Amino acid sequence: MPFNVTRRSLLAGAGGAAVSPAIAKTYKRAMNDHVAVVGAGVFGAWTAHHLRQGGHRVTLVDAHGPAHSRASSGGESRLTRAAYGKDAIYTRMAMDSLPQWKALSAVSGLPILHQCGILFFFPTEEQYVHDSIAAHKALGLPTDVLDQAEMARRFPMIDFDGIRVGLFEPGFGALMARRSVQTLVERFVRDGGTYRKGAAQPLPAASDRLTEIRLTSGEAIRADRFVFALGPWLPKVFPDVIGPRILPTRQEVFFFAAPAGDPRFLPAAMPGWADFNGGDIFYGFPDLEGRGVKFAHDAHGVEVDPDTQDRRPSAAALAEIVAFRDRRFPLLREAPLTEARVCQYENSSNGDFLIDLHPRLDNVLLVGGGSGHGFKHGPEVGRYAAARLFGLGQPEPRFSLATKAETHHREVH
């Protein structure tokens, strides 16, 4: 993965900023820069953290608050896993993010990481399986390759009918999404960062450099450099540059009550999981902290506007989930629905992240395109973005704006 930026040991509370000796002198000259990071989701919060740990003065801004209810970083839980088939770039990012999540979890009070393991299972030994195994071996990641009988023995809460092979990653698990972002922002402020709740007005016309953003409150935030990590709002703020290259889609998740007194659905027994289901992926979580057993369909929903979309769950989506649940988790048949949530993915055209400089504003970095799989990579996205803002390290071509098209064809799972 051509970041070409070395890692230092973890700092208190989370991962430290990454700076190689060869570029340390250049980086030090810019350490007095004031950086404004707009968007306090997982990408923006980790970017602000790494910039602050690198010695910069950083102001983090969000219109509604860190990991708020309409943000893609809001909600209860996210998978952290390393299986990515041929896309080993994300395997490495997940692996390098994991110790930073653990460090944050260690200081958060309530847990951020539930290390319950992740199980992917497949009806055939497809190439994705072989590529994931090869990537894990190359990186030294412990992974169990399981047949149907072994999965049935270890995970009796799941019916593995029609399943041939599984990949179990014992070192990974579930991240508590909202809690993790809010904890990170709290520690960012404690360590000397500045947080402002405020909505940024449309950007002023500029030829090659941005000097300030204005909030709807009238406050002006002047800075030397800017990061916009706005999730599904990124194409709305930069319609001419991004536009349809990032597409927000409606996603629905559902929680069901586990049978009373049954320990098989607790994270000590049940992993996070994904059923590849012939390419039509469903995924879910054990009963985390009494919230219920979570189910979701990974297929992209209809295009939505994050400001105006109807947040009420649909009967059609619930029926689809219940049909899958009853087939694959028969012990949950007739389980009452305890909660439902409507959120969104913000999909890049191919599923790769966008972490690149604005084509006309040379002091503005655009960060987004989480595409439904980005949350787990937040620490490494933030580290890479902090370096990229200052032109440090070798840019990763897959994260460039040039690779994002207006026609969408998802390639990363």
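Located above this text is the structure these notes cover.
A few points on the structure. (Residues numbered from 1 in each chain as written. Predicted model: local features only at pLDDT ≥ 70, side-chain atom pairs only at ≥ 80, totals over all residues. Heavy atoms only, no water.)

**A short note on the nonpolar core**
We apply this condition: Definition of nonpolar core: a set of buried residues of the types Ala, Val, Leu, Ile, Met, Phe, Trp, Tyr and Cys, connected through side-chain atoms within 4.5 Å. Residue burial is assigned from relative accessible area. The probe radius is 1.4 Å, only protein chains are included, and a residue is buried under 20% of its type maximum, exposed over 50%, and partly exposed in between. A run of H or I in DSSP becomes a helix once it reaches four residues, and a run of E becomes a strand once it reaches two; helices and strands are each numbered from the N terminus. When checking whether two residues touch, look at their non-hydrogen atoms; a contact exists if any pair is within 4.5 Å.
Counting 73 residues, the largest nonpolar core has Ile 355 and Val 367 as its most contacted members. The element that contributes the greatest number of residues to this core is helix 3 (residues 88-106), accounting for eight residues. Leaving out residues up to four positions away in the same chain, Ile 355 has contacts with Leu 365, Leu 366, Val 367, Val 381, Tyr 384, Ala 385, Arg 388 and Phe 399. In terms of nonpolar packing, the next biggest core, distinct from the first, is built from 24 residues, Phe 155, Phe 168, Phe 254 and Phe 324 among them.

**With respect to the packing of aromatic side chains**
Our working rule: Pairing of aromatic rings covers Phe, Tyr and the six-membered ring of Trp, with a centre-to-centre limit of 6.5 Å; geometry is then stacked below 30 degrees between planes, edge-to-face above 60, and tilted otherwise.
Evaluated as defined, the whole model comprises 23 aromatic pairs. When the centroid spacing of 5.4 Å and the interplanar angle of 35° are considered together, the rings of Tyr 84 and Tyr 90 count as tilted. For Tyr 84, a relative accessible area of 1% translates into the label buried. Plain terms: the ring middles of Phe 228 and Phe 238 are 5.1 Å apart, the flat faces sit at 80° to each other, and that makes the pair edge-to-face. With Phe 228 in strand 12 (residues 225-228) and Phe 238 in the loop between helix 7 (234-237) and strand 13 (246-256), this residue pair connects regions lying ten residues apart in the sequence.

**Topic: the sheet that holds strand 6 (residues 144-147)**
How we decide: In this description, strands pair whenever DSSP reports at least two bridges between them. Fitted lines through C-alpha atoms give the axes, limited to the stretch in contact for helices. The angle between two N-to-C directions lies from 0 to 180 degrees.
If you walk across this open sheet you meet the eight strands as 6-7-5-14-15-16-13-17, and the pairing is mixed. Two strands bound the open sheet, and with one partner strand each, they are strand 6 and strand 17 (337-348). Neighbour-to-neighbour, the strand axes of the sheet open up by a mean angle of 20°, direction not taken into account. Judged from the four bridges that link them, strand 5 (residues 118-122) and strand 14 (residues 272-275) form a sheet pairing that is parallel. Residue pairing for strand 14: Phe 120 is matched across the bridge by Ala 274. Strands strand 5, strand 6 and strand 7 (165-169) of the sheet are contacted by helix 4 (residues 127-139), whose axis makes an angle of about 30° with strand 7.

**Concerning the packing of helix 2 (residues 42-53) against helix 3**
Applied cut-off: Here roughly perpendicular refers to angles of 65 to 115 degrees, roughly parallel to angles under 35, roughly antiparallel to angles over 145, and oblique to all remaining angles. Gly is put with the polar residues, along with every residue not named as nonpolar or charged; the nonpolar set is Ala, Val, Leu, Ile, Met, Phe, Trp, Tyr, Cys and Pro, and the charged set is Asp, Glu, Lys and Arg.
At a minimum axis distance of 14 Å, the contact between helix 2 and helix 3 shows a crossing angle of 85°. What the angle tells us is that helix 2 and helix 3 run roughly perpendicular. Of helix 3, the residues touching helix 2 (which contributes Val 42, Trp 46 and His 50) are Gln 100, Trp 101 and Leu 104. For the contact of helix 2 with helix 3, the residue count by class is four nonpolar, two polar and no charged.

**Points about unusual backbone geometry**
Even without glycine at this site, Asn 277 takes up a positive phi of about 50°. By the element assignment, Asn 277 lies in the loop between strand 14 and strand 15 (282-285). Phi is positive for Glu 289, which is not a glycine, with a value near 55°. Structurally, the position occupied by Glu 289 is in the loop between strand 15 and strand 16 (293-297). A relative accessible area of 41% places Glu 289 in the partly exposed class.

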